[in-house]
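Examination of the molecular architecture
Single-letter residue listing:
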Amino acid sequence: MQGTSGPSVKAAIIGASGYTGAELLRLLTLHPLVSVVTVTSRQFEGKKLTDVFPHFLKSPFSELQFEPYNSEKIAKNCDVVFCCLPHKASFPIVKELYTINPELKIIDFSADFRFKDPKTYEEVYGVEHSAKELFGKATYGLPEINREEIKRKSIIANPGCYPTSIILGLYPARVKGLIDTSFPIIADSKSGVTGAGRKASLSFTFCEVNESFKAYGVEGHRHAPEIAEKLNLPAVRFTPHLVPMNRGILSTIYFKTEAKKEELQEIYREFYKDEYFVRVRNSPPSTSDVAGTNFCDIYVTKEESTGLAVVISAIDNIGKGASGQAVQNMNIVCGFPETTGLELFSNWI
Ligand SMILES: NC(=O)C1=CN([C@@H]2O[C@H](COP(=O)(O)OP(=O)(O)OC[C@H]3O[C@@H](n4cnc5c(N)ncnc54)[C@H](OP(=O)(O)O)[C@@H]3O)[C@@H](O)[C@H]2O)C=CC1
Ligand SMILES: CC(=O)N[C@@H](CCC(=O)OP(=O)(O)O)C(=O)O
């Protein structure tokens, strides 16, 4: 880490031309302790950041230029690297950076180090993992359930956006043994279109998405095993949906429980009382309550006639679901107050 006056940490963002990279830059404009020194992109190599993203004119990063990825330069000049690349593209880069500089703190947005065992990754993602030896250096970056591990590790595997909303929505009940696991646990999630990334693809063009709403991944989505592993459950029935909005995930989660509604509500409130980024609500949240923020808003209730608890969990997929969570993780690994740069509230309207 650098000196004590002004920004103390130098950061690089690899894959900064995508949605999570751009959101991360936006959040870091407000971070007093971080200076972004390198942003990489293949398509925009050599272009000024503000030619691609004019909304950063007059920001602290307005002089940055997109560079090609250079492992030596990044690993030797930076303290923290945010790797905003797709799955499978990420692990070779994480391996290269870690090999050059094992002191580096690497926050990986992809799924490449999210599972406990590389075998599970290979089964779910259908590709061989060629950096298996790094799993011991990596941990799952969901601070509310794994903060102490995050402090000790070099590679932080930022969770998937859907798993963030669902795991936080189920965790208190699971930890307290209130979920009757002899019945299926059902999570039905709706995501904004930024969840699919910025790359051009027919299914995400305006007319394909606007004024419509569809389920996908119905036969099985790669996030279901991630959710099940982190909650130590054999399975979770997960169905994602794409909704015509830019940002946000709303998950509706059902589980069977003997607990009464008031007991559940009290347990959730107590469980998250010291977690700044989880707000246990008195009414069902909407995605607009959390847009642009690092909050996860949760409402829990119970229907006595069916014995089902219903949890509604809202996040911004590129906030708490990706870039906000990455800043939270960086704050933890760098020893900064966890909320630094993240005390932001939604535009709401
Ligand atoms: N969007 C979301 O809501 C969330 C995303 N994530 C994860 O974060 C990561 C980034 O997602 P997102 O920003 O949405 O994706 P985008 O597609 O918007 O951006 C990814 C960036 O990575 C670069 N890139 C793509 N392929 C490669 C490659 N093979 N090698 C090197 N660079 C590459 C591209 O830049 P260029 O072509 O200019 O080099 C691109 O800008 C992914 O792993 C995603 O799964 C996690 C949680 C939520
Ligand atoms: C709407 C949409 O397409 N969403 C993505 C999830 C994005 C995400 O956060 O997940 P990862 O980090 O694991 O990619 C999907 O279903 O694949």
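Residues numbered from 1 in each chain as written. Chains lettered and ligands numbered in written order. Predicted model: local features only at pLDDT ≥ 70, side-chain atom pairs only at ≥ 80, totals over all residues. Heavy atoms only, no water.

Looking up the protein chain in an unreviewed UniProt entry gives the name N-acetyl-gamma-glutamyl-phosphate reductase, with the organism given as Phorcysia thermohydrogeniphila. According to its UniProt record, the protein chain has this under Pathway (unreviewed entry): "Amino-acid biosynthesis; L-arginine biosynthesis; N(2)-acetyl-L-ornithine from L-glutamate: step 3/4." In UniProt, the protein chain has this text filed under Function (unreviewed entry): "Catalyzes the NADPH-dependent reduction of N-acetyl-5-glutamyl phosphate to yield N-acetyl-L-glutamate 5-semialdehyde." (UniProt positions renumbered as here; feature names shortened; annotations may be inferred.)

A few words now on the UniProt feature "active site" (unreviewed entry) in the protein chain. UniProt records the feature "active site" (unreviewed entry) at Cys161, using the numbering of this structure. As for its placement among the helices and strands, Cys161 is situated in helix α7 (residues 161-175). Its relative accessible area of 13% is what places Cys161 among the buried residues. Excluding its chain neighbours within four sequence positions, the residues that come into contact with Cys161 are His223, Ile249, Ile315, Asn317 and Gly321. (Helix = DSSP H or I, 4+ residues; strand = E, 2+ residues; numbered from the N terminus. Buried < 20%, exposed > 50% of the residue type's maximum accessible area, 1.4 Å probe, protein only. Contact = heavy atoms within 4.5 Å.)

In this section: the pairing of strand β2 (residues 34-40). Taken across its seven residues, β2 has five buried, putting it largely inside the fold. Where strand β1 (residues 9-14) and β2 come together, six bridges link them in parallel fashion. Across the sheet, residue Ile14 finds its bridge partner in β2, namely Thr40. Note that the unit made of β1, helix α1 (residues 19-28) and β2 has a crossover that is right-handed. Summarising the sheet, β2 and strand β3 (residues 66-67) pair through two bridges and their orientation is parallel. By the bridge assignment, Thr40 is partnered in β3 with Glu67. (Pairing = 2+ DSSP bridges. Right-handed = clockwise from strand over helix to strand, strands pointing away.)

Right, let's get into the packing of aromatic side chains. Each pair of aromatic rings is reported with the distance of its centres and the angle of its planes. Under the definition given, this model contains 13 aromatic pairs. A ring pair is formed by Phe44 and Phe66, whose centres lie 6.0 Å apart and whose planes are at 40°; its orientation type is tilted. With Phe44 in the loop between β2 and α2 (49-52) and Phe66 in strand β3, this pair connects stretches of sequence that are 22 residues apart. Here Phe44 and Phe66 have matching classes, each one buried. Ring centres 6.3 Å apart and planes at 90° place the aromatic pair Phe91 and Tyr121 in the edge-to-face group. Here the residue Phe91 occupies a position in helix α4 (residues 90-100), and Tyr121 occupies one in helix α5 (residues 118-125), the gap between them amounting to 30 residues. (Phe/Tyr/Trp six-rings, centres within 6.5 Å; stacked < 30°, edge-to-face > 60°.)

For the rest of this paragraph, the subject is the site of ligand 1. Taken together, 25 residues lie around ligand 1, and Ser17, Ser41, Arg42, Gln43 and Leu85 are the ones closest in. One of the side-chain N or O atoms of Ser17 is found 2.6 Å from an oxygen atom in ligand 1. A distance of 3.0 Å separates an oxygen atom of ligand 1 from a polar atom in the backbone of Gly18. When the free accessible area of ligand 1 is taken as 880 Å², the share hidden by the protein chains comes to 83%. Listing elements by their share of the shell around ligand 1, those giving two or more residues are α1 and α11 (319-334). Here the residues of the shell around ligand 1 are counted per class, giving nine nonpolar, 13 polar and three charged. Among the domains, domain 1 (9-158 + 320-334) and domain 2 (161-317) are the pair contributing at least three residues each to the shell around ligand 1. (Near = heavy atom within 4 Å. Polar contact = N/O pair within 3.5 Å; in protein donor to acceptor, adjacent residues only side chain to side chain. Areas by Shrake-Rupley, 256 points an atom, 1.4 Å probe, with all protein chains shown as cover. Nonpolar A, V, L, I, M, F, W, Y, C, P; charged D, E, K, R; others polar. Domains from an automatic or database assignment.)

Within the structure, ligand 2 sits among 14 residues, and Arg114, Cys161, Tyr216, Arg222 and His223 are positioned closest to it. Backbone polar atom of Gly195 to a nitrogen atom of ligand 2: 3.2 Å apart, as the coordinates give it. With respect to ligand 2, the side chain of His221 contributes an N or O atom lying 2.8 Å from an oxygen atom. In terms of residue class, the shell around ligand 2 is made up of six nonpolar, six polar and two charged. Taken together, domain 1 (9-158 + 320-334) and domain 2 (161-317) each give at least three residues to the shell around ligand 2, which thus spans both.

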